[in-house]
Each structure stands twice: as C-alpha cells, then as structure tokens.
Amino acid sequence: MSVNIWGPSDLDFLAGAMRSFIPNRAMLHTHSFGADRNASSPQSTDSVIVLDDEVVRVSAMFVKPKYNNGTGSSNDSDMKPGDTAIVYACELPEIKGKFDPSKAAALGLRPGPKYRELQLGNSVQSDQFDEMVHPSDVLGPSIPGPTVLLVDCPTQYHMPELFSLHPLSCFYEDSPEQSGKKVNCIIHLGPSPVTRSVDYQNWMKKFGATQHIMAGHEIKNMEIPILKGSARISSHLNFVCPQLFPSSGFWSEQPSNDVMENDKSVSSEACGSVSAQNLLKFHLRPYAQLGLDRTSIPNLFTYKDFVEELVSEIPAIREVPEQVCKFWQNNVNDNNILTPTGNHMGEEQWINKKSDKVDDGTLFQEIVLRKHPRDNQEIPCCVEDATREDMEITFLGTGSSQPSKYRNVSSIYINLFERGGILLDCGEGTLGQLKRRFGVNDADEAVKGLRCIWISHIHADHHTGLARILALRSKLLKGVPHKPLLVIGPRPLERFLNAYSTLEHLDMQFLDCRHTLKSSVEAFLSENDTDPATPQLETTMFAPGTRMENYNRKPASPRDTTALANFKEVLQESGLEILYSVPVLHCPQAFGVVLKAMEKANSTGKVIPGWKVVYSGDTRPCPGLIDASRDATVLIHEATFEDSMKDEAIARNHSTTKEAIEVGTSAGAYRIILTHFSQRYPKIPVIDEVDMEKTCIAFDLMSVNLADLPVVPKVLPHLKVLFKDELVVDEAEEVQEAAVY
C-alpha cells in the first residue's frame with residue numbers, strides 16, 4: 001500500500017523531517033508544488049496544476065497576506081511559508097451528452113462497437129456511407145463537470161489577494177471571462193470574523209447560485225459526538241463513577257452569543273450558504289444527485305439519553321453510583337473488601353439474580369469480585385494529607401499504535417492546579433481530548449498553563465499531537481510576556497519540531513532526554529546558581545563511569561545549557577523536587593520518567609514528603625524502571641498485551657498486564673495504573689483479578705486525584721459491570737476450565 005500526498009513546496013521538507021518516525025513500509029510519497037521553499041520571489045498569481053487525470057483536475061492558487069508596514073506597502077520579511085493560504089479548485093470531467101440511436105441510424109451506423117466508440121468521444125466510419133461520423137453528430141450537448149472550490153482565508157489580510165485571484169475570474173457569474181464554468185460548491189475554511197465581513201459576503205455573491213458551506217465555525221458542532229460509541233461509554237462511566245470520570249466539557253458547552261449571531265448573519269447574508277456539520281456530504285456524481293446530503297449527520301445525543309439507555313439495559317445499575325460514592329464518604333473499612341452495598345462477600349448480592357448469571361448459574365459479580373484480595377497497604381503520608389488541589393492525573397489517551405473508537409493514543413496530563421500542568425507524551429488528538437475533558441475555554445487555560453511537555457520516545461503514537469499543542473499555546477499567549485515551553489524528548493524529535501517551526505510558530509525550547517538522566521539532573525541541581533553551567537556539565541554528564549559515557553556526543557551546546565537552566569525554573573514553578581528520565585527497553589532512545597514533588601508542611605506543621613509519580617513510557621519490564629519506581633505513590637505502566645500474549649510482548653518490546661503489575665509490586669509502588677492497551681481490547685482489557693488490590697485500569701478522560709488513590713482499586717469491579725456482555729464469555733470459560741482442571 002502506498003500513500004500519495006500533494007501539498008505546497010514545504011511538504012517535501014516536512015515529510016523528510018518525519019522520516020525518523022514514519023516507517024519505510026508506509027510507502028509515503030509526497031508531491032510538492034509552488035515555489036521552492038528557499039526562493040525569495042513571491043508566489044505566482046496563476047494557478048498550479050496539482051493533479052490532472054481522467055478522474056479529476058485539481059489546481060492550486062496561493063493567497064498571501066498583505067500587511068501594511070505603515071508606508072502603504074506590504075512587508076513580506078516576517079512571513080513564514082505557513083502564512084500563505086491555498087485555494088484549491090477541483091474540476092470533474094464534463095458529462096457527455098446522451099447518445100441518440102436514431103441519429104446514428106440516420107448516418108448509416110449499425111448497432112455495435114461503433115456506438116461505444118462514439119460515446120467515448122472517438123469518430124468512426126459510417127457503415128453505409130462514405131463519411132466519418134463524429135461524436136457531436138450523435139450525442140446531445142455535454143454538461144460541464146461539477147466544480148468545487150476549497151477556500152482558505154485565515155485572516156482579513158488575505159482577503160485583498162483572494163478577491164483579486166485571476167484564475168477565479170472565469171467562475172464569476174458576470175465576469176467577461178466567464179467561460180460557461182459554474183462552481184457547484186464552495187467550502188469556506190475561514191473563521192467567522194472573516195467570512196461574515198461585508199467584503200467577503202460580496203465576493204461570495206460573485207459566484208451566483210452556488211452552494212456555500214461555511215466550515216470555519218468550530219463551536220457549532222462540539223456537543224454532537226461523531227463517535228457515538230465513545231460518547232456512550234464516557235457517559236456510562238460518568239454515571240457510575242463521576243469522581244473518576246467527570247462529565248465531558250462538551251456537554252455543558254454553550255456557544256457564545258456572538259458566535260450564534262455570527263452563524264445567523266452568515267446564513268442570512270450569504271445566499272445559498274449553510275453551516276458545516278459533522279458528516280455533511282455534497283454529492284458530485286451521479287449528476288442526478290448533485291447537491292447536499294444530510295442523511296449521515298449524527299443526531300444530537302445527550303448525556304440523559306445515554307444514561308436512560310444504560311438503565312434500561314441494566315436496571316440494577318441505578319444503585320451503583322450511590323454505592324461507589326460511599327468510597328468517597330469514608331464508609332469503607334480499609335481492611336475489608338466490601339460489595340457495592342457495603343456487605344461482605346457472600347452476603348446478599350446487589351445484582352438481579354435472574355438476569356446476571358452466566359451459563360453455569362454463577363453470578364457475574366461473584367466472578368468479578370471473588371479473587372479481589374484485601375488491600376492492607378498503609379496509606380502514604382503524601383496521600384493521607386493531600387488536598388484536592390495538589391495533583392491530579394488525567395488520561396487523555398490510553399490506547400497503543402493508533403487512535404480507535406474508544407481509546408486515543410498515549411497522553412497524560414498532570415494537573416498541578418495553581419502551579420500549572422505537565423504533559424507526559426502527546427499523541428495525536430491530545431488537544432481534542434483536552435477539550436472533551438475540560439471544555440474549550442478550560443482546555444485553552446490548561447494549554448497556557450503548561451510548564452513542560454515530556455516525550456518518551458520517537459514512535460508517532462506518542463508525539464504527533466505535540467505541534468498542535470505548541471502552536472495553540474503560542475497563539476494564546478501572543479502579546480503576553482512568557483517563556484518558550486520546554487519540551488523534553490529524544491533527540492530525533494527535535495529535527496521534526498525545528499522543521500515544523502519554519503511553517504508555524506511553536507515557541508518552544510528543546511532538551512534531550514539524555515540530558516535529564518538522574519545523575520545529570522542531580523548534579524546540575526546541586527550546582528551553585530552563580531557557577532557557570534557548562535564546565536560542570538562537561539565533568540558530570542559525560543564523565544567516565546556515568547550513564548552518559550555511552551553516548552558519543554560532545555558536551556552540551558550553549559542552547560542545551562540554556563534549556564537546562566530553564567528546566568531548573570520549571571521544577572521550581574511546578575513545585576517539583578526533581579524530574580528525571582529513565583532509559584527503558586523498547587527502541588533506541590526510549591525513556592520513562594520520574595516526577596517527585598517537594599515536601600510540604602501539613603496543617604499541624606508536620607513535614608510531609610512529596611508525592612512521586614513514575615511513568616514507564618513503552619517498555620519491557622526492566623531493572624532501571626523498577627529501581628526508579630521504588631516507593632512511588634503512583635506507577636503508570638504500559639500493559640499492551642494480555643498475559644497469554646507474552647511472546648508477542650517480548651517480540652514488540654512491550655509488557656503484559658501481569659508483568660506491569662509485578663514491576664509495581666516489586667518496587668513497592670502504592671498504586672499501579674495500567675495504560676497503553678492494544679486496540680484489540682477496544683473497551684476493556686483482559687485482566688487477571690489476582691493482583692489487583694493496588695491496581696486499576698486507565699480509561700480515556702479518567703481523572704485520578706491524589707486524594708482519591710486509596711479507593712481507586714475498589715472501583716474497578718463496579719466499572720466492569722458496564723462491560724459484562726464482553727466479559728461473561730471469557731469468565732464462563734474460566735469457570736469451565738476450573739471445573740475440568
């Protein structure tokens with residue numbers, strides 16, 4: 001399989017920078033058009049033919065912004081390639097006129113292959129007369145092929161050049177250059193402040209009776225989930241345990257009055273315009289169906305709809321939220337495992353006995369809970385004395401490899417509240433997940449408050465959402481004094497970020513993970529602030545006997561030194577005593593990370609050690625990570641495969657669920673949270689209940705507060721009730737196997 005991508009001149013440059021994480025087997029082929037990225041001459045005002053075959057003709061036109069530098073002229077010195085917008089024109093071949101057999105017979109043609117040749121546009125010899133018969137002799141008038149324009153006008157500064165594009169004049173209704181071509185549909189990507197302006201509206205009217213689709217309004221469709229199944233599970237989890245699964249930020253999102261008015265003004269002022277909707281279609285062929293198709297637009301499903309659906313399917317689920325809530329009301333004896341009603345195992349069960357039995361008559365809840373051992377582990381002081389404003393972990397993606405319907409790829413948001421936040425990995429869709437969890441406005445605040453982003457390794461499912469986050473932060477903080485955001489990651493990632501920054505301002509500073517190993521960070525933090533950093537780095541980071549000795553690399557460059565200085569500020573601002581990377585077993589330059597908070601005094605003046613969070617990244621179980629996880633408050637460990645797939649886990653340098661739990665258990669971690677599940681487990685992974693007294697499963701958009709850690713493992717059995725239809729078969733087989741062996 002090969003993938004062909006067409007784009008402006010910088011596409012080849014950007015794709016080249018991606019080679020470090022796009023495997024060769026992807027067979028990616030890029031086709032650039034337009035001026036060379038190093039050329040200083042302005043783009044041509046003529047269109048560029050991008051693709052021209054029997055299916056479609058695609059041409060591109062460049063739209064550069066016109067900035068006024070105060071002298072009445074444009075200044076292009078500060079422009080980046082990404083500032084240039086593109087208008088695409090997609091033209092389908094003309095539709096041949098209908099074949100008229102009577103005309104063909106009158107010209108001496110007999111029915112047969114020659115009819116087909118004429119329909120294909122070829123001339124043929126008459127069977128009865130000594131003359132050639134041409135297609136125009138037997139075909140009705142042709143109909144011009146449908147034409148679609150994709151118009152990107154991101155700012156008001158792009159409008160003058162857009163309005164003066166010469167290649168578009170042939171489509172204007174009253175233009176002297178009108179060639180009979182008609183634009184059937186124009187998709188406008190510009191934001192509302194641009195597209196609703198009087199000048200833009202007047203320009204739209206030049207196309208006559210054209211269907212305009214306004215696709216630049218982001219807020220309109222936010223409350224309508226495209227993936228209904230994902231929204232259903234999120235709602236069900238919120239209903240059962242709102243403490244770990246707060247309501248989606250989208251359910252309560254209401255478009256502001258000005259946005260609603262903007263949509264109204266666009267609809268009223270622009271003839272034939274509609275607002276884009278999720279899965280709205282515009283048919284081009286067959287010609288008889290030319291026009292809008294709304295049949296696939298998803299219905300507006302509300303939280304109430306999903307909950308009512310759940311209760312109708314599992315009536316006994318009504319009682320679960322109240323019982324789960326008791327965990328947060330200190331009504332659970334920490335030395336005993338209770339059923340959701342507070343009864344000890346073996347006493348009255350809470351699920352309807354008639355509807356929740358597997359084939360052998362065993363109650364589903366008995367199967368789920370029977371192996372759940374007691375949790376006698378002492379609660380750490382940092383948890384016992386925690387406030388809800390200390391730290392919270394939100395899982396923005398818990399799947400591996402590629403996004404699925406139910407699980408996005410890896411990303412974890414460490415919310416430090418007043419001290420900002422930290423992202424651990426940033427797979428594609430991370431920004432969308434932040435918006436789904438917190439809502440648009442609060443997601444923007446979270447992005448603005450980021451202290452740093454840490455990336456575990458170069459595989460695409462762990463960092464391809466990074467550029468979007470960085471670009472948004474740069475935009476949100478424009479005009480506000482701030483420092484570049486520190487990005488800590490493997491060195492190959494820097495090449496891609498530097499390449500992308502030539503297209504869009506990322507406002508970041510990069511620090512190699514190899515410069516944040518424990519020995520190096522401890523040595524750097526112990527230095528006197530007045531001492532020059534570089535000599536000390538040379539003697540500590542690359543000295544014989546240190547871990548960095550194995551890397552054949554020169555001492556830190558001045559930029560690395562500056563990044564390390566900013567790294568120290570990040571720790572102070574975040575309230576962290578230390579953050580360091582741990583080499584793990586996955587791929588070259590793969591790391592885990594340790595975050596340890598500063599100690600604090602509680603209400604009685606007692607000094608409380610800070611919490612410790614360890615994230616494995618992708619890895620096989622390894623001694624280095626076990627050592628780093630000693631006495632961790634939370635170990636977030638990948639558990640890609642179920643226990644029966646250990647051979648595949650070894651082959652792919654991943655861990656099974658049992659191996660991940662053993663890492664945390666041997667390290668003495670207080671709580672273990674499993675994540676990075678294979679997408680073969682779309683909703684819930686296969687888990688053995690034997691060692692789950694301190695372990696829980698991560699779900700997308702789950703938020704775990706530091707203060708909630710004591711009760712988190714107790715919630716898992718109740719969450720599994722939601723997926724009983726997918727678990728009963730496996731559990732029933734387990735019961736049958738037990739009877740046999």
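This structure is a prediction, so every number in the text was calculated from the model and none was measured.

**What to know about the overall build of the protein**
Counting secondary structure elements, the protein contains 25 helices and 28 strands. Within the span of the protein, comprising 741 residues, buried residues form 51% of the whole. Surface exposure of the protein reaches about 34300 Å², of which carbon and sulfur atoms provide 51%.

**Observations concerning the pattern of salt bridges**
A side chain with one charge may pair with a side chain of the opposite charge, provided their charged atoms come close. Scanning the model with the defined rule gives 23 salt bridges in all. Asp390 is the partner of Lys600 in a salt bridge, and the nearest nitrogen-oxygen pair spans 2.7 Å. Taken together, the residues Lys600 in strand E22 (residues 600–601) and Asp390 in the loop between helix H13 (381–384) and strand E14 (392–397) connect sequence positions 210 residues apart. Here Glu504 makes a salt bridge to Arg468, at a shortest N to O gap of 3.1 Å. In this pair, Glu504 is assigned in the loop between helix H17 (491–501) and strand E19 (508–512) and Arg468 in helix H16 (residues 466–476), connecting sequence segments 36 residues apart.

**Considerations on the packing of helix H8 (residues 228–240) against helix H10 (residues 303–313)**
The contact between H8 and H10 brings their axes to 9 Å, and the two run at 75°. As far as their axial angle goes, H10 and H8 are roughly perpendicular. Contacts from Lys228, Ala231, Arg232, Ser235, His236, Asn238 and Phe239 in H8 reach Tyr303, Phe306, Val307, Glu309, Leu310 and Val311 in H10. A per-class count over the contact of H8 with H10 returns seven nonpolar, three polar and three charged.

**Brief notes about the sheet that holds strand E28 (residues 703–705)**
Two modes of strand pairing occur in sheets, parallel and antiparallel, and in both the strands are linked by backbone hydrogen bonds. The sheet built from seven strands is open, its strands ordered E19-E18-E17-E16-E15-E14-E28 with mixed pairing. What marks the edges here is a single partner per strand, and that holds for E19 and E28. Averaged over all adjacent pairs, the angle separating strand axes in this sheet is 20°, with direction ignored. With three bridges connecting them, strand E17 (residues 450–454) and strand E18 (residues 485–489) associate as parallel partners. The residue of E18 that forms the bridge with Ile453 is Val487. Contacts between H16 and the sheet are confined to strand E16 (421–426), E17, E18 and E19, with E17 contributing the most and set at about 160° to the helix.

**Structural notes on the packing of aromatic side chains**
Evaluation of the coordinates by the stated rule reveals 14 aromatic pairs. Ring plane angle 85° and centroid distance 6.2 Å describe the contact between Phe33 and Tyr88, whose orientation is recorded as edge-to-face. Taken together, the positions of Phe33 in strand E2 (residues 28–33) and Tyr88 in strand E5 (residues 85–91) put the pair 55 residues apart, joining distant regions of the chain. Both residues of the pair, Phe33 and Tyr88, belong to the buried class. Measuring from centroid to centroid gives 5.8 Å for Tyr413 and Phe438, while their planes differ by 75°, and the two rings are edge-to-face. With Tyr413 in strand E15 (residues 411–415) and Phe438 in helix H14 (residues 430–438), the pair connects residues that are 25 residues apart, well separated along the chain. For Tyr413, a relative accessible area of 5% puts it in the buried group. Phe438 gets classed as buried once you look at its relative accessible area, which sits at 18%. Seen from the ring of Tyr172, Lys206 lies directly overhead, with NZ or CZ sitting 5.0 Å from the centre. The ring of Phe524 carries the charged tip of Lys568 above its face, separated from the ring centre by 6.0 Å.

**Digging into helix H24 (residues 712–719)**
It helps to recall that an α-helix has 3.6 residues per turn; residues three or four apart then point in one direction. Within H24, eight of the eight residues are buried, which leaves the element mostly enclosed by the surrounding structure. Along H24, the positions that sit buried rather than exposed are Val712, Pro713, Lys714, Val715, Leu716, Pro717, His718 and Leu719.

**Some points on the nonpolar core**
Among the nonpolar cores identified, the biggest contains 96 residues, and Ile317, Leu579, Trp611 and Met702 are the most heavily contacted of them. If sequence neighbours within four positions are ignored, Ile317 has contacts with Phe239, Val240, Leu310, Val311, Val721 and Leu722. Membership of the second largest hydrophobic core comes to 37 residues, among which are Ala446, Ile455, Leu485 and Leu503.

**A word on the confidence of the model for the protein**
On average, residues of the protein carry a pLDDT of 81, and 78% of them reach 70 or more. Predicted confidence is poor over residues 253–270, with pLDDT under 50, and the contacts of this stretch with residues over four places away or in other chains come to 26 contacts. pLDDT under 50 marks residues 727–741. Its contacts with residues more than four places away, or in other chains, come to 13 contacts.

**Description of the environment of Pro380**
Considering the arrangement of structural elements, one finds Pro380 in the loop between helix H12 (364–369) and H13. Look at Pro380 and you get partly exposed, because its relative accessible area is 22%. Expressed as a C-alpha distance, the spacing of Pro380 and Pro609, which sit 229 residues apart in the sequence, is 9.0 Å.

**Side note on a nonpolar patch on the surface**
A surface patch of nonpolar side chains, about 270 Å² in accessible area, is lined by Ile226, Leu227 and Leu279. By secondary structure assignment, the location of Leu227 is in the loop between strand E10 (211–214) and H8.

**Concerning the sheet that holds strand E25 (residues 634–638)**
Strand order across the open sheet formed by six strands is E20-E21-E24-E25-E26-E27, with mixed pairing between neighbours. Edge positions in the open sheet fall to strand E20 (576–583) and strand E27 (695–697), since each of these has one partner strand only. Mean inter-strand twist for the sheet, computed between neighbouring axes without regard to direction, equals 15°. Here strand E26 (residues 671–675) pairs with E27 via three bridges, running parallel. Within E27, the residue paired with Ile673 across the bridge is Cys696. Relative to E26, helix H23 (residues 657–667) is tilted by about 155°, and along the sheet it contacts E25, E26 and E27.

**Quick look at unusual backbone geometry**
Pro286 follows Arg285 through a cis peptide bond whose omega is -5°. In this model, Gln589 sits at a positive phi of 55°, which is unusual for a non-glycine residue. When you line up the elements, Gln589 lands in the loop between E20 and strand E21 (591–597). We classify Gln589 as partly exposed; its relative accessible area is 23%. We note that Asn653 has phi near 55°; this positive angle belongs to a residue other than glycine.

**Considerations on the pairing of E5**
Strand residues, when the strand is regular, have side chains that alternate between the two faces of the sheet. Among the seven residues of E5, six are classified as buried, and the element is accordingly described as predominantly covered. For strand E4 (residues 57–63) and E5, the ladder comprises seven bridges, and the chain directions are antiparallel. Paired with Ser59 across the bridge in E5 is Ala89. Direction of pairing for E5 relative to strand E8 (residues 147–151): antiparallel, over a ladder of five bridges. Looking at E8, one finds that Ala89 is bridged to Leu149.

**Considerations on the environment of Lys683**
Within the secondary structure layout, Lys683 lies in the loop between E26 and E27. Judged by its relative accessible area of 25%, Lys683 is partly exposed. Along the primary structure Lys683 and Arg407 are separated by 276 residues, whereas in three dimensions their C-alpha atoms are 7.7 Å apart.

**Observations concerning the side chain of Ser474**
Following the sequence through the fold, Ser474 ends up in helix H16. Assessed through its relative accessible area of 10%, Ser474 is described here as buried.

Cut-offs used in this document
- Residues numbered from 1 in each chain as written.
- Predicted model: local features only at pLDDT ≥ 70, side-chain atom pairs only at ≥ 80, totals over all residues.
- Heavy atoms only, no water.
- Helix = DSSP H or I, 4+ residues; strand = E, 2+ residues; numbered from the N terminus.
- Buried < 20%, exposed > 50% of the residue type's maximum accessible area, 1.4 Å probe, protein only.
- Areas by Shrake-Rupley, 256 points an atom, 1.4 Å probe, with all protein chains shown as cover.
- Salt bridge = Lys/Arg side-chain N within 4 Å of Asp/Glu carboxyl O.
- Axes fitted to C-alpha atoms, helices over the stretch in contact; angles between N-to-C directions.
- Parallel < 35°, antiparallel > 145°, perpendicular 65-115°, else oblique.
- Contact = heavy atoms within 4.5 Å.
- Nonpolar A, V, L, I, M, F, W, Y, C, P; charged D, E, K, R; others polar.
- Pairing = 2+ DSSP bridges.
- Phe/Tyr/Trp six-rings, centres within 6.5 Å; stacked < 30°, edge-to-face > 60°.
- Lys NZ or Arg CZ within 6 Å of the ring centre and 35° of its normal.
- Core = buried A, V, L, I, M, F, W, Y, C linked by side-chain atoms within 4.5 Å.
- pLDDT = per-residue confidence, 0-100.
- Patch = residues over 30% accessible without salt bridge, like charges linked within 9 Å, V, L, I, M, F, W, Y side chains within 5 Å.

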